[in-house]
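Letter by letter, the chains look like this.
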Protein chains: 2
Amino acid sequence: MSTPERLIESTRELLWERGYVGTSPKAIQQHAGAGQGSMYHHFAGKPDLALAAIRRTAEELRRTVDDVLGGDGPAYARVEAYLLRERDVLRGCPVGRLTMDPDVIADDTLRAPVTETLDWLRDRLAGIVREGRERGEFAASLDPHRTASLIVATVQGGYVLARASGSPAAFEAGVRGLLALLASAGPDDTTTQ
Amino acid sequence: MSTPERLIESTRELLWERGYVGTSPKAIQQHAGAGQGSMYHHFAGKPDLALAAIRRTAEELRRTVDDVLGGDGPAYARVEAYLLRERDVLRGCPVGRLTMDPDVIADDTLRAPVTETLDWLRDRLAGIVREGRERGEFAASLDPHRTASLIVATVQGGYVLARASGSPAAFEAGVRGLLALLASAGPDDTTTQ
DNA sequence: GTCTATATTGGGATAGAC
DNA sequence: GTCTATCCCAATATAGAC
């Protein structure tokens, strides 16, 4: 791998592990096996390198989600596939965790890919819920936007619970709770309001 | 307020705003209007001060939750009250955000109050769901532990969405999505499995 | 209890040689 | 392109005077 590549990949990992504030240029260089001058030759500085790393992580997340959501089965099954997909639960979401980074949130350029990715994810899920509703798989009363927000929040919050308890079980519990409620939101459900 | 008090309160605010990694002793001192020596006279160092701050924040959260959850109305209403309680949404959860702090998670002493608080919160909600189920307010099939995990995850993840988009609306959307599903999980709901 | 002085390491970067 | 030297300031303390 080229030096710029190694620098970006190292930044991605450190950003995931320690966040933006907790990641120093020196740590990146050491992880990448690159010298000081080398890093500053290829990138303007820490924010520039972080931007490249965040963009790539965001792209990768979209591809992964598209893979798991791309089928044409029933809406419930696609949402289920998304929720149950393999994850490195204890590491958390490499995009979502950046929202807790004050210096990322304060910088419009760094923040943009985070905003866009989570917006995209929610809208993608909302489309699937809407489809399911139109096909009569979900109750007509199920709000696609709100339900999609709930799905994304469950995942993001599941990471918080898992990291707090030190176990993926907490993530799993929340996801199972959501799936049970979604399963009960079929078109036959007359109590849904 | 005494100097130790001001130091603890300042640490609480900075921890909430910038996290543990992003909070320096110097910043705390300036925020508290205390000198270097003064801080090290009252506290052993950054971890010691952070522990005092985290413990107090955790206690405060428990009291707040107890206040809103303490009534004796229907289970749904109590959960609703919890979900709709006033929050500083864009600041996020002062306890939950610490799970994204690598130095907190790596230190058992700092991490303990975080683990305990989120465990306690989930168990408290599980108890309410269980009560509601026993009273016939919720479907018998509703799993208390999983549902409680879902509720906590929705809130924690709602903060992520809100901070990503820069608006509390995203938090609200997820919560509304959850409330709609919970409302449909009454005892009459025969589709719940 | 609080202050100032001092110390070590790291953060984040620029300059210029090779 | 990469390396080393250098810079300045912040992070996180300790020591000892007041």
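For the structure itself, look to the data block above.
Quick look at the structure, then. (Residues numbered from 1 in each chain as written. Chains lettered and ligands numbered in written order. Predicted model: local features only at pLDDT ≥ 70, side-chain atom pairs only at ≥ 80, totals over all residues. Heavy atoms only, no water.)

**Quick look at the overall build of chain A**
At step 1: Check the secondary structure of chain A and you find nine helices and zero strands.
At step 2: Put simply, chain A has 193 residues, and 51% of those count as buried.
At step 3: Put simply, 68% of the contacts in chain A that link residues at least 6 apart link residues at least 24 apart.
At step 4: As displayed, chain A has an accessible area near 7,900 Å², and 47% of this comes from carbon and sulfur atoms.
At step 5: Across chain A, the 23 positively charged side chains and the 27 negatively charged ones have centroids separated by 4 Å. (Helix = DSSP H or I, 4+ residues; strand = E, 2+ residues; numbered from the N terminus. Buried < 20%, exposed > 50% of the residue type's maximum accessible area, 1.4 Å probe, protein only. Contact = heavy atoms within 4.5 Å. Areas by Shrake-Rupley, 256 points an atom, 1.4 Å probe, with all protein chains shown as cover. Lys, Arg positive; Asp, Glu negative; His and termini not counted. Charge placed at Lys NZ, Arg CZ, Asp CG, Glu CD.)

**What to know about the side chain of R78 of chain A**
At step 1: Inspection of the secondary structure puts R78 of chain A in helix 5 (residues 75–84).
At step 2: Excluding residues within four positions of it along the chain, R78 of chain A makes contact with L69, G70, G71, G73, I128, E131 and R135 of chain A.

**Considerations on the relation of the copies chain A and chain B**
At step 1: Placing chain A over chain B gives an RMSD of 0.0 Å and needs a rotation angle of 180°, together with 0.0 Å of translation along the axis. Expressed as a symmetry operation, the mapping of one chain copy onto the other fits a two-fold axis. Among all residues of chain A, the minimum C-alpha distance to the rotation axis is found for G157 of chain A, at 1.9 Å.
At step 2: Counting the interface residues of chain A, we find that 100% of their copies in chain B are interface residues as well, pointing to one common contact surface. (Least-squares fit on C-alpha atoms with pLDDT ≥ 70 in both.)

**Looking at empty space enclosed by the protein**
At step 1: Throughout the structure, instances matching the rule amount to six cavities of 30 Å³ or more.
At step 2: By volume, the largest cavity is sized at about 120 Å³.
At step 3: Considering the residues around the largest cavity, the lining is formed by 16 residues, among which M100 and V160 of chain A together with M100, Q156 and V160 of chain B are closest to the centre.
At step 4: Split into classes, the residues belonging to the lining of the largest cavity amount to eight nonpolar, six polar and two charged.
At step 5: Volume-wise, the second largest cavity comes out at about 100 Å³.
At step 6: As for the second largest cavity, its lining consists of 17 residues, of which V21, R97 and D101 of chain A together with R18 and D101 of chain B are closest to the centre.
At step 7: For the lining of the second largest cavity, a count of residues per class yields seven nonpolar, four polar and six charged. (1 Å grid on protein atoms, 1.4 Å probe; cavity = no way out; pocket = protein on both sides within 12 Å on 5 of 7 lines; lining within 4 Å. Points joined across faces, edges and corners; volume = space filled by probe spheres on them. Nonpolar A, V, L, I, M, F, W, Y, C, P; charged D, E, K, R; others polar.)

**Concerning the nonpolar core**
Most often, soluble globular proteins have nonpolar side chains that are buried together.
At step 1: If you look at the biggest cluster of nonpolar residues, it comprises 96 residues, and the most contacted ones within it are Y82, L83 and L118 of chain A together with Y82, L83 and L118 of chain B.
At step 2: Not counting residues up to four positions away in its chain, the partners in contact with Y82 of chain B are V65, V68, L69, R87, L121, L125, I151 and V155 of chain B. (Core = buried A, V, L, I, M, F, W, Y, C linked by side-chain atoms within 4.5 Å.)

**Some words on the packing of helix 7 (residues 108–134) of chain B against helix 8 (residues 144–165) of chain B**
To describe two helices that pack against each other, one gives the angle between their axes and the distance between the axes.
Residue and element names in this part refer to chain B.
At step 1: Viewed as axis vectors pointing N to C, helix 7 and helix 8 meet at an angle of 130°, and their least axial separation amounts to 8 Å. Relative to helix 8, the element helix 7 lies oblique. Judged by the twist between their axes, the crossing of helix 7 over helix 8 is right-handed. Contacts between helix 7 and helix 8 pair L118, L121, R122, L125, A126, V129, R130 and R133 from the former with P144, H145, T147, A148, S149, I151, V152 and Q156 from the latter.
At step 2: Classifying every residue of the contact of helix 7 with helix 8 gives nine nonpolar, four polar and three charged. (Axes fitted to C-alpha atoms, helices over the stretch in contact; angles between N-to-C directions. Parallel < 35°, antiparallel > 145°, perpendicular 65-115°, else oblique. Left-handed = near helix turned anticlockwise from the far one by under 90°.)

**Notes on the packing of aromatic side chains**
Centre distance and the angle of the planes are the two values used to describe a pair of aromatic rings.
At step 1: Summed over all chains, the structure comprises two aromatic pairs over all chains.
At step 2: Here the aromatic rings of Y159 of chain A and F171 of chain A are separated by 5.1 Å at their centres, their planes lie at 35°, and the arrangement is tilted. Of this pair, Y159 of chain A sits in helix 8 (residues 144–165) while F171 of chain A is found in helix 9 (residues 169–183), placing the two residues 12 residues apart along the sequence. By the burial criterion, Y159 of chain A is buried, and F171 of chain A matches it.
At step 3: One residue, R87 of chain B, lies across the ring of Y82 of chain B, its end atom 5.0 Å from the ring centre.
At step 4: Sitting above the plane of the W16 of chain B ring, R91 of chain B keeps its charged end 4.0 Å from the centroid. (Phe/Tyr/Trp six-rings, centres within 6.5 Å; stacked < 30°, edge-to-face > 60°. Lys NZ or Arg CZ within 6 Å of the ring centre and 35° of its normal.)

**Side note on the interface of chain A and chain B**
At step 1: The interface of chain A with chain B comprises 49 residues on the first partner and 49 residues on the second.
At step 2: In this assembly, chain A packs against chain B so that about 4,200 Å² is buried in total across both faces, 69% of it on carbon and sulfur atoms.
At step 3: When the area that chain A buries against chain B is broken down by residue, the three leading residues are M100, R163 and L181 of chain A, summing to 17%.
At step 4: Linking chain A to chain B there are two salt bridges. (Buried area = accessible area lost by both parts, 1.4 Å probe. Salt bridge = Lys/Arg side-chain N within 4 Å of Asp/Glu carboxyl O.)

**Digging into the protein's contact with DNA strand C**
At step 1: Taken together, the neighbourhood of DNA strand C is formed by 14 residues, with P25 and Q36 of chain A together with G37, S38 and H42 of chain B sitting nearest.
At step 2: For DNA strand C, the backbone makes up 59% of the atoms found within 4 Å of the protein, where backbone means sugar plus phosphate.
At step 3: Here Q36 of chain A contributes a side-chain N or O atom positioned 2.2 Å from a base nitrogen of DNA strand C.
At step 4: Secondary structure elements with two or more residues in the surface near DNA strand C: helix 2 (25–32) and helix 3 (36–42) of chain A together with helix 3 (36–42) of chain B.
At step 5: Per-element tally for the surface near DNA strand C: the top contributor is helix 3 of chain B, with four residues.
At step 6: For the surface near DNA strand C, the class distribution of residues is two nonpolar, 10 polar and two charged. (Near = heavy atom within 4 Å. Polar contact = N/O pair within 3.5 Å; in protein donor to acceptor, adjacent residues only side chain to side chain.)

**Focus: the pattern of salt bridges**
All names here are of chain A.
At step 1: Here the structure, examined in full by the defined rule, presents 29 salt bridges over all chains.
At step 2: A salt bridge links R124 to D66; its shortest N-O distance comes to 2.9 Å. With a gap of 58 residues between them, R124 in helix 7 (residues 108–134) and D66 in helix 4 (residues 46–69) connect regions that are remote in the sequence.
At step 3: With a relative accessible area of 24%, R124 lands in the partly exposed category.
At step 4: Under the relative-accessibility criterion, D66 is labelled partly exposed at 33%.
At step 5: Residues participating in the shared-partner salt-bridge network are E5, E9, R12, R56 and E60.

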